[in-house]
Amino acid sequence: MDTLLDLSDRLYLDVADLAHATPHWFQLLAEVWTEAGLLLFGVLFLAGWWRTRDGSSRAMSLALLAPLATAFGYVVSESVKSLFDEERPCRAVAGAPASLVTCPPYGDWSFPSNHSAIAGAAAIALALSWRGMGRFTVPMALLMAFSRVFVGVHYPHDVTVGLLLGALVAFLVMRFAERPVRSLVETARSSRNALVVWCAGQGPRTPAPAPAEPSLFDPAPSSCPSTATCPSRT
C-alpha cells in the first residue's frame, strides 16, 4: 500500500512540474476546465431531457435518471471522503511547487476526488441514456480528473478512485431504477396537468392513418343518402 502511495506522490510531483512548465494560457485553460467541465455535463443533461420529450418512456426515464445517478455518485463519494482524513497534496507533499489554484482549506479532505466522481458518474449516465454520447463524455471525464491533479489539489489515486466510484454508482442506479422511473414517466404522460405533461413529454407522435384509396372493384358511391328517398330506375 505504501508503495502505491509513494508512486502516487511521484506522479503528482511529475504532473505538478509539467503544469508549471506549460504556457500561462494553458494553465488558465486547465483552471477553467476543472470547474466549467461540470457545467458542460449539466448542459448535456438538459439537452438529453429535451431530446427525449417526444421519445419513448424508456428514453425519457433514462434521461431523467442521468442527473439523479450523478447526484448519487457525488453523495457516495462524499460519504467515503468522510472516512479518510487524507490531507491535500498541495500541503502534504514536500518540495511540490505551488498549486495553480488555491489549496482547499484544512478539513476539505483529498480522497476520493468529488469532482472526478461526478465526472465519472455523469459520463456513464449520459453514455447509457444517449446513444453514442460516451465517445465524448468519457474523454471529458478523464480530462476533468487529470485537471484536478494538474492544478495541484488531488493525488492521482484520488481521481482514479473517484472516477471508478462515480461510474459504478451511476451504472447501478441507471440499471436498477430505470423500470420504476419509466412507470412514473408513463403516469405523468397520462396526466391532465399541462405542466406535468410538458416536463415528461408527450411521447412519440403517431401520425393519423391516411384515407384508403378507392379500389376499382368498389361500387360507385350513391348520390342518395337512403334508398327510400331515391327514385327507382326503370
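That block above? That's the structure.
Cut-off values and rules
- Residues numbered from 1 in each chain as written.
- Predicted model: local features only at pLDDT ≥ 70, side-chain atom pairs only at ≥ 80, totals over all residues.
- Heavy atoms only, no water.
- Phe/Tyr/Trp six-rings, centres within 6.5 Å; stacked < 30°, edge-to-face > 60°.
- Buried < 20%, exposed > 50% of the residue type's maximum accessible area, 1.4 Å probe, protein only.
- Lys NZ or Arg CZ within 6 Å of the ring centre and 35° of its normal.
- Helix = DSSP H or I, 4+ residues; strand = E, 2+ residues; numbered from the N terminus.
- Expected span 1.5 Å × (residues − 1).
- Bend = angle between axes of the 7 residues up to and from the residue.
- Contact = heavy atoms within 4.5 Å.

S.K.: Would you mind showing me how to read the packing of aromatic side chains here?
M.R.: Summed over all chains, the structure comprises 9 aromatic pairs. On the numbers, 5.6 Å between centres and 65° between planes, the contact of W49 with W50 is edge-to-face. In this structure W49 comes out as buried when scored by relative accessible area, which is 17%. W50 sits in the partly exposed class, given a relative accessible area of 48%. Put simply, the rings of W25, F26, F146 and F150 pair up and form one aromatic cluster. Note that R53 overlies the ring of W50, its terminal NZ or CZ placed 4.6 Å from the centroid. Sitting above the plane of the F176 ring, R175 keeps its charged end 5.2 Å from the centroid.

S.K.: Quick question: what am I supposed to make of helix 3 (residues 57-81) here?
M.R.: Helical geometry note: an α-helix holds 3.6 residues per turn, so side chains three or four residues apart project in the same direction. A rise of 1.5 Å per residue sets the reference length of helix 3, with its 25 residues, at 36 Å; its end C-alpha atoms lie 36 Å apart and thus fit the reference within 8%. At A66, helix 3 shows its largest kink, close to 30°, and the proline P67 lies no more than four residues downstream. Along helix 3, the residues classified as buried are S57, M60, S61, L62, A63, L65, A66, A69, T70, G73, S77 and K81. Buried positions along helix 3 lie against helix 2 (24-51), helix 5 (114-129), helix 7 (156-176), helix 8 (178-189) and helix 9 (194-200).

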